Amino acid sequence: MKELVEVIAKALVDNPEEVVVTEKEESRNTVLELHVAASDMGKVIGKQGRIAKAIRSMVKAAASREKKNVDVEIV
C-alpha cells in the first residue's frame, strides 16, 4: 500500500523528491502518512478534497482485497 500512495503522489506533485510516505501499525489498522512539500499540498488535496478522497478510495479498495484496514493521512 505504501508504494501505491507514493507512486500516485509523485505523479501529482511538482517536487516528487519531497514525497515521503510513512507507515504506522495501530491495533488492527495501518495508517499511511503522506508528507509533501507545502507548495504541493493543494495538488494532493484537490478542490474540495476530491483528489485526497480518490487516493483514499483506491487504497481502501486495494487493502480490502488483502483483508486489511488502511487509512491515509495527508500531513
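As a reminder, the structure under discussion sits directly above these lines.
Small disclaimer: the values here were computed from a predicted structure and weren't measured.

### Quick notes on the pairing of strand E2 (residues 29-35)
Alright, step 1. Within E2, five of the seven residues are buried, leaving the element largely enclosed by the surrounding structure.
Alright, step 2. Here E2 runs beside strand E3 (residues 69-74); their pairing, made up of six bridges, is parallel. Paired with Thr30 across the strands is Val70, a residue of E3.

### Concerning the nonpolar core
Alright, step 1. Val5, Leu34 and Val59 are the most contacted members of the largest nonpolar core, which has 15 residues in total.
Alright, step 2. Of all the secondary-structure elements, those providing two or more residues to this core are helix H1 (2-12), E2, helix H3 (50-65) and E3.

### Quick word on H3
Alright, step 1. Taking 1.5 Å of rise per residue, the 16 residues of H3 would be expected to cover 22 Å, and the 23 Å separating its terminal C-alpha atoms lies within 8% of that figure.
Alright, step 2. Within the sequence span of H3, burial applies to Ala52, Ile55, Val59 and Ala63. The arc that holds every buried residue of H3, seen down its axis, measures 65°, which confines them to one face. Among the exposed residues of H3, those oriented more than 90 degrees off its buried face are Arg50, Lys53 and Arg65.
Alright, step 3. Against H1, E2, helix H2 (41-45) and E3 lie the buried residues of H3.
Alright, step 4. Backbone geometry just after H3 places Lys67 at a positive phi near 55°.

### Concerning the environment of Lys67
Alright, step 1. Tracing the chain through its elements places Lys67 in the loop between H3 and E3.
Alright, step 2. Expressed as a C-alpha distance, the spacing of Lys67 and Asp40, which sit 27 residues apart in the sequence, is 32 Å.

### Observations concerning H1
Residues spaced three or four apart along an α-helix face the same direction, because each turn holds 3.6 residues.
Alright, step 1. Here H1 has its buried residues at Val5, Ile8 and Ala9. The buried side chains of H1 occupy one side of the element, clustering within an arc of 95° when seen end-on. In this structure, H1 carries Glu3, Val7 and Ala11 as exposed residues pointing more than 90 degrees from its buried face.
Alright, step 2. Those residues of H1 hidden inside the fold are in contact with strand E1 (20-26), E2, H3 and E3.

Cut-off values and rules
Residues numbered from 1 in each chain as written. Predicted model: local features only at pLDDT ≥ 70, side-chain atom pairs only at ≥ 80, totals over all residues. Heavy atoms only, no water. Buried < 20%, exposed > 50% of the residue type's maximum accessible area, 1.4 Å probe, protein only. Helix = DSSP H or I, 4+ residues; strand = E, 2+ residues; numbered from the N terminus. Pairing = 2+ DSSP bridges. Core = buried A, V, L, I, M, F, W, Y, C linked by side-chain atoms within 4.5 Å. Expected span 1.5 Å × (residues − 1). Arc of directions from axis to C-beta. Contact = heavy atoms within 4.5 Å.

Everything listed here is a matter of geometry and, on its own, says nothing about what the molecule does.
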